[in-house]
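Summary of structural features
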Amino acid sequence: MLRQLLVILVFLSYTQSAFALSHLSSEDRKIIDLIVEGEHVVSMEDTKEILREGAVAVDKGVIIALGKADDLKERYRAKIVLGGKNRIVMPGLINGHSHAAMTLFRGIADDHSLFEWLNRYIFPAEVEYVNREFVQVGTELACWEMIRGGTTTFVDMYYFPDVIAEVVESCGLRALISATVIDQPSPDARNAKDSLKKGKSFVTKWKDRNSRIIPILGPHSNYTLDLKQLIDTRRLANQLGIGLSIHLAESKYENQYARDNYKNTSVNIFESIGFFEGRTIAAHVVWPSDEEIEILAKRAVGAIYNPTSNMKTAAGIAPISKMIEAGIKVGLGTDGAASNNDLDMWEEMRLATLLQKINKMDPEALPASKVISMATREGSEAIGISSIVGTLEVGKRADLIQVSTEDVHHIPTYDVISHLVYVTDEQDVESVIVDGKILMKDKNILTINTEKVRKRASEIASSINQSLKGRR
Ligand SMILES: [Zn+2]
């Protein structure tokens, strides 16, 4: 009798505590903002390790956990859950060099050398047509295209940088925005001195506001600024505690210009004036000598490879393997839509590797795992923000995307990384999150009035077209 009573008591206490436990687990789950699930989660901490049936937990803009989807859902109750069926989750793409507003010049002048394209077409068109409204609409158009394609961070260089910052602020992307410094009449300044002064007030206004908008200076190149102006720009950047982005060793013309004017090549000239003594993002870097590659590595200059633009203007083929071997952090960029002619980072990844393979006649050159890193983790290192984005890691800002694998071109999938580099295109991107905020869900852009942008962009383009026709 006593034993029976004991058994009943033990059973009762067991069921009570089991009830209490399940009761606790459902009520005590921490409420968080977002869980993003994926059949595959590619964190980019290590491309060989891909989490199956995984998820990323996000709260207050930060990644707070990464793990099996079921485990995370037991620990957290998310206000929004993005389901993971037929989805790959990965860090958002980083476009390391662009001129966003030039989307409005897309296709205005094709099939010219860089020198002719800039001097005969682009610089004059910019002086004539680029104003605050042009930059606003052109940047909105670019941000729409970038969000649609899964880009979450871009490094821009254009005019009216405060307008660019306002667009970035409102559409939710992350950007390093360079105020262009150039010694010729430009849309927003008379000369180098004027553009430097305006750049300073832009940086002072936007610096340290939030981690999404990082104002920097963008000295255009060695052939649009003299040495003193380049030194002044570096000095100001160091005073302000910011970095620089510049076009470097982009074309043979640039090296020839340096030889003609300074009896040396481009990178050597910059080194001789102390230009690299401070954070530098160098776009293109097609023509550095072996000795100059060592200089760039020593100075921790981040390089941005722009294969489409380099092919289109026939600027040349950047020595990417040599730069990587020397220890240079190399990211990827589209350049502006007038020399690309789009902002598609998937295409950029593909062309990045194909161009290196054919150039070296080596199919092993720049493998898929390296290219995807250049568009994410190493891209973030090249532009100096790897402490906040570039990988899916606890503590980093939540910049991530979901790629759909529903399209026929994903069937079958043997290797996720191979598919992300050699198959995926912009239309596969399903959702985009920056700083924990959803910018695109189910392929719908949530932060840009796309119809309004489409209408304004068409109006601006048709007025440019009218004015060009009148002159022919
Ligand atoms: Zn450029």
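To be clear, the structure that these remarks concern was listed above.
This section reports on the structure supplied with the text.

Conventions used here
- Residues numbered from 1 in each chain as written.
- Predicted model: local features only at pLDDT ≥ 70, side-chain atom pairs only at ≥ 80, totals over all residues.
- Heavy atoms only, no water.
- Helix = DSSP H or I, 4+ residues; strand = E, 2+ residues; numbered from the N terminus.
- Rg over C-alpha atoms; globule rule 2.2 N^0.38 Å.
- Buried < 20%, exposed > 50% of the residue type's maximum accessible area, 1.4 Å probe, protein only.
- Contact = heavy atoms within 4.5 Å.
- Areas by Shrake-Rupley, 256 points an atom, 1.4 Å probe, with all protein chains shown as cover.
- Lys, Arg positive; Asp, Glu negative; His and termini not counted.
- Charge placed at Lys NZ, Arg CZ, Asp CG, Glu CD.
- Expected span 1.5 Å × (residues − 1).
- Polar contact = N/O pair within 3.5 Å; in protein donor to acceptor, adjacent residues only side chain to side chain.
- Donors = N, O, S within 2.8 Å, 3.2 Å for Na, K, Ca; no water.
- Core = buried A, V, L, I, M, F, W, Y, C linked by side-chain atoms within 4.5 Å.
- Domains from an automatic or database assignment.
- Phe/Tyr/Trp six-rings, centres within 6.5 Å; stacked < 30°, edge-to-face > 60°.
- Lys NZ or Arg CZ within 6 Å of the ring centre and 35° of its normal.

Attention shifts here to the overall build of the protein. The helix and strand tally for the protein stands at 17 helices and 17 strands. For a compact globule of 472 residues, the expected C-alpha radius of gyration is about 23 Å, and the protein comes in at 25 Å, within 12% of that figure. Taking the principal axes of its C-alpha atoms as reference, the protein extends roughly 105 × 50 × 45 Å. For the protein, buried positions account for 56% of its 472 residues. Considering only contacts in the protein between residues 6 or more positions apart, those separated by 24 or more positions represent 74%. Split by element, the accessible area of the protein, about 20100 Å² in all, is 53% carbon and sulfur. Taking the average place of the 56 positive charges on the side chains of the protein and the average place of its 63 negative ones, the gap between the two points comes to 4 Å.

Glancing now at helix α4 (residues 132–149). An ideal rise of 1.5 Å per residue puts 26 Å on 18 residues; α4 measures up with 25 Å between its terminal C-alpha atoms. Among the residues of α4, the N-terminal cap falls to N131, whose side-chain oxygen and the backbone nitrogen of E133 are separated by 3.1 Å. Following α4 by one or two positions, G150 has its phi on the positive side, about 90 degrees.

At this site the zinc ion is bound by H97 (NE2), H99 (NE2), H247 (NE2) and D335 (OD), with donor distances of 2.1 to 2.5 Å. Positions of the donor residues of the zinc ion along the chain correspond to the pattern H-x1-H-x147-H-x87-D. Of this pair, H99 sits in the loop between β6 (93–98) and α3 (114–129) while H247 sits in strand β10 (residues 244–248), placing them 148 residues apart in sequence. You can call H247 buried: its relative accessible area is 4%.

Before going further, it helps to examine the nonpolar core. Counting 123 residues, the largest nonpolar core has F105, Y158, L173 and Y305 as the members making the most contacts within it. For this core, the element with the most residues is α4, which contributes nine residues. A domain split of this core shows at least three residues from each of domain 1 (30–91 + 390–441) and domain 2 (93–388). Contacts of Y158, omitting those with residues within four sequence positions, involve H99, A101, M102, F105, E126, V130, F134, V135, I164, S178, A179 and T180. Residues V58, V89, L392 and A398 belong to the second largest nonpolar core, which totals 13 residues.

Applying the stated rule across the entire model yields nine aromatic pairs. Judged by centre distance (4.5 Å) and plane angle (45 degrees), the rings of F115 and Y253 are tilted. Pair noted here: F115 is in helix α3 and Y253 is in helix α8 (residues 252–262), with a separation of 138 residues, a long-range link. For Y253, a relative accessible area of 31% corresponds to the partly exposed category. Three or more aromatic residues joined by ring pairs make a cluster, and in this case those are F115, Y223, Y253 and Y257. Stacked on the ring of W206, the Lys or Arg R209 has its end atom at 4.1 Å from the ring centre. The ring of F275 has R234 sitting right over it, with the charged end atom 5.5 Å from the ring centre.

Before going further, it helps to examine the environment of A78. Mapped onto the elements, A78 comes out in strand β4 (residues 76–82). Distance from A78 to E393, taken between C-alpha atoms, is 18 Å for residues 315 residues apart in sequence. If we ignore the near neighbours within four places in the chain, the residues touching A78 are I32, D33, L34 and I35.

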